[in-house]
Amino acid sequence: MSDEKNILTVKGVQELLEKLQVDELKDVTIEGDLEIEIEPSAAGVPPEMMRSITVANETRQLLQHFKNLLSMEGISVPGTPTVQLAVPIKPVPTIAKFSPLGKLIERRFEVKKDEWKSKIEEVTLGATRADGGTRGHTITIGGEVCMPFYPDAQNPHRPIVVLDTFDEPIPLAKAVKGFYGDVMEDPCDWAKKNVKEFGADMVTIHLHSTHPLEKNTPTKEAIKTIEDILQAVDVPIVIGGSGDPGKDPEVLEAAAEVADGERCMIASANLDMDWERIAKAAKKYGHNILSWTSLDMNNQRELDRKIMKIVGMPRDRIIIDPTTAALGYGLDYAYTNMERIKIAGLKGDDELNFPMSSGTTNAWGAREAWMKESPMSEDSDWGAREYRGPLWEVITGMTLAIAGVNMFMMMGPIAVHVLKNMTQTLMGLVEDKDHEIDISNWIREV
Amino acid sequence: MKIQSPLEAYNYLPGTNCKECGEETCMAFASKLIDRSRKLEECKEILDESYKDEYEELTGLLAPEIKEITVGTGEKAVKIGGEDVIYRHELTFFDAPPFAYDVTDVMDEKEIVDRVNYVQNYKKFYVGNFLTLDMIAIRSVSDDPKKFSSCVRKVAETTELPVILMSFNPDVLEAGLKVISERRPLIYAATVDNWKRIAELVDKYKVPVVLFSPDLDKLSSLAKTFLEMGMEDLVLDPGTYASGKQLKGTFDRFIKLRRSGIKEGNKDITFPIMCIPMQAFLANKKGYKPLPDELIETLGGPEEGRELYQPVLSETAIGNISIIKYADIIVWHNIEAYSVLPSIHLKFNMYTDPRTPVSVEPIMREVGNPDENSPVFFTTNFALTYFTVFNDLDSNGIDSYLLVIDTGGIGVQSAIAGGQLNAGKIKDAVEESKVKEKVKHNTLTMPGYAARLMGDVEDETGMTVLVGPMDSGRIPGFLDEHWPPKSE
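Structural notes, computed from the coordinates. Just so we're clear, the structure is a prediction, and the values are computed from it rather than from any experiment.

Notes on the packing of helix 10 (residues 331–347) of chain A against helix 12 (residues 385–403) of chain A
Residue and element names in this part refer to chain A. Put simply, helix 10 and helix 12 touch, their axes get as near as 8 Å, and they point 25° apart. Between helix 10 and helix 12, the crossing angle belongs to the class labelled roughly parallel. As for how helix 10 packs across helix 12, the hand of that crossing is right-handed. For the pair helix 10 and helix 12, the contacting residues are L331, A334, Y335, M338, E339 and K342 in the first and T396, T399, L400, I402 and A403 in the second. Across the contact of helix 10 with helix 12, the residue classes tally to seven nonpolar, two polar and two charged.

Set out below in structure tokens:
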């Protein structure tokens, strides 16, 4: 043996291995100190490596044989050559195949009901002959014992819809105008149509023409319309002014007197006008009062308190309007304000537990409700406004129904219909067996 | 989340007040963690190995009650769930429900591409940004794996939006997964019948999955079983129906699930909820109509597509109710612009953080390159009003000055009724902006709704006042008629 053979080199080992026909050490390198390194791949231990590990174990035995062989050849090897797997292999060297559980774990779903301390006041609108009025029937709203439509309890009264009638023709969105074109000249025809054709539970007569900056109809003349409306329809009515804080107190006071005993709702008293005069008139002539504030719970409390304490209005004749902002134009404020008020009322806040009214007609103030197309060229198409506008009103109304509104003052017959249908459905009042669907294979059937 | 007070979070933080996160103190950072306006990972120190235990524990405590699940990858990925409250005023709602729109594997290629493009290119300007749509749901009507696979491929070629693969047939779903699994689609759905095979797919492709049953006992069983198998990226479909008692049941189930998850901490079901208002179209096939047809006739909209109005109206109403209570992801069928528009607004509104006032800085803005002859407008600092007016001026190329009056973030009509917008405030804004020195016409144009302030404003500011249109979209036409102002 030559001298070179006295030194064990890696190359020498490899040659020896080759001599012995160990040529399948794939993924295995043998370094000078006789460690065998195995590079694990990210995916874990690949089959080739498993094979290599097996080979490595065999190599360990083989090396022992080498040692013996080499010492027979007169070459000394310091220590015992070892084969180490430098990277610990974590998973057990068999790959577990995923297998699902044998059967479903049985569960029963249970959830507690919400329970509230207090209930919302009930307010009755309209007076029949028996009660000194001339209405064909009365309508009662409020009285909730849980959040609207919640599965905690059955609330006693469904939300109602009041359709707007004006004492003069006003500019209307195209999607609304088509329904009223023929009656706008005569508020009585308008009111009748609202009740007979469009399913209004009540009508509002807005004395819009009294506005000082517009037609400025004198109060005495304007209130004649109230008498006409009371003749034309026998549903309970709402009497509204023109929104002018200066003139409304005078107009509404006179209107309350002319409708003496009919238990109308007088709309409205708010903090920026002579609320006291309006509320006093409502009380004196046997009406309900609408207490209207602008998106502020504390103002609502304040006005309600004043109406109760200063005017002495009975609790069952107060309805509140915390203000409706249109979808896209502050609806989130209106929603949360109303939801908080309803929750406060159910929790026992006796300055807020009154039925709520919403001026849902405000939805039509959103340009997206009535404009023919977007004024911005970057916008995608807005779709036909005749179809879009009613949806704007439906969604504004439904959102606030969920917040707890009891009375919707509305404009569009389509929205009225859908809103009545949906709110009564969510109260569980609509069976509709005929249109029950089976959704077990819906993906293929829609 | 499991903790309510900043102090509870503070106990886990390093407490060094290093200010690296941008907050003055660790306590300040802790309070931001509690209101979820900052993320724990923004604290660099706690990411250090030595705080490993604190980091992990606090992460667990801060996790939202309803699990937040990511669908899709990259920039277009959507987050669903992540909710912590029952009522939005208790904190805020967090992850607005993505809107997915369906295509089917029996549509021809052109229809698929057109629908996908409509969805991915949709935009509507609103409060300084564009509202957009989020996802594509691919529905297997054919039940044929090959057809489904080629439909999925077509969608994947056309868009990077995240997708939902929909079939009750595991073979069909797998055909879709083979095409698109690396883009982390949501698969729909595991039921009491097919759940084992679906679980195998979830394990193999590592994708989130929807569990479907209108029976809440069964839905809970499915969820518990998947959890037990180590699968946590779950979405629940408690069944959406379209009318009558069935729709009432749908509403009730959504309420019960969310209440159980958030109020009672029922860990079996603390997952996002899926609403599928397109069931309205199934009901429509059975003759359900939310409206008498005569009303639609009177409405007088375009005849083309009029027959769709009934089911679209119904789908829109159901979908929008679910935005409020408590859908975390919504799958729509109709892509009618008149339905998409209100729905995306409601989604945006409900998921606006009620804690932040929606107002802009009350200063004078220059639109375009105004000069001494340019008109001067004013509006309020309610963000929505401001952006609407600004964009109506800007997009119509009207060089002008826009005074933004501080009304405390209230719009024109309400601010006039409430007194936040008055002649005194307008005078102050005019003086502060020195706008009188910038123009030589001494004319101020006011919003139509502010008309009643005209006299007072003229007296206070000494400017000539023009009453503008009620809607700023009509300013261009208004200026054609009234600008430049006639000399006195």
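Quick notes on the pairing of strand 3 (residues 99–104) of chain B
Residues and elements named next belong to chain B. Of all six residues in strand 3, six are buried, a share of seventy percent or more. Of the two faces of strand 3, both are covered, the one formed by F99, Y101 and V103 as well as the one formed by A100, D102 and T104. One ladder, built from three bridges, connects strand 3 with strand 12 (residues 329–332); its direction is parallel. Residue pairing across strands places F99 opposite I330, the latter belonging to strand 12. Note that strand 3 and strand 6 (residues 135–139) share five bridges and pair parallel. Looking across to strand 6, one finds that Y101 is bridged to I136.

With respect to the pattern of salt bridges
All names here are of chain B. For the structure on display, the rule yields 48 salt bridges over all chains. One salt bridge connects D171 with R197, and the closest N-O pair in it is separated by 2.8 Å. Here R197 lies in helix 7 (residues 195–205) and D171 lies in helix 6 (residues 170–180), a separation of 26 residues in the sequence. Given the relative accessible area of 39%, D171 is considered partly exposed. Here D203 ties to K206 by a salt bridge, and the two come within 3.4 Å at their closest N and O atoms. A residue is classified by how much of its surface remains accessible, and D203, at 26% relative accessible area, is partly exposed.

Details of the sheet that holds strand 10 (residues 234–237) of chain B
Residue and element names in this part refer to chain B. The strand order across the open sheet built from eight strands is 10-9-8-7-6-3-12-11, with neighbouring strands paired in parallel fashion. The sheet terminates laterally at strand 10 and strand 11 (274–275), the two strands that pair on one side only. Pairing of strand 9 (residues 209–212) with strand 10, which is carried by four bridges, proceeds in the parallel orientation. The partner of V209 across the bridge, within strand 10, is L234. Strands strand 3 and strand 6 of the sheet are contacted by helix 4 (residues 109–121), whose axis makes an angle of about 170° with strand 3. Contacts from helix 7 reach strand 8 (186–190) and strand 9, with the element oriented near 160° to strand 8.

Reading the values: the criteria
- Residues numbered from 1 in each chain as written.
- Chains lettered and ligands numbered in written order.
- Predicted model: local features only at pLDDT ≥ 70, side-chain atom pairs only at ≥ 80, totals over all residues.
- Heavy atoms only, no water.
- Axes fitted to C-alpha atoms, helices over the stretch in contact; angles between N-to-C directions.
- Helix = DSSP H or I, 4+ residues; strand = E, 2+ residues; numbered from the N terminus.
- Parallel < 35°, antiparallel > 145°, perpendicular 65-115°, else oblique.
- Left-handed = near helix turned anticlockwise from the far one by under 90°.
- Contact = heavy atoms within 4.5 Å.
- Nonpolar A, V, L, I, M, F, W, Y, C, P; charged D, E, K, R; others polar.
- Buried < 20%, exposed > 50% of the residue type's maximum accessible area, 1.4 Å probe, protein only.
- Pairing = 2+ DSSP bridges.
- Salt bridge = Lys/Arg side-chain N within 4 Å of Asp/Glu carboxyl O.

Any functional reading would require information beyond the geometric quantities listed.
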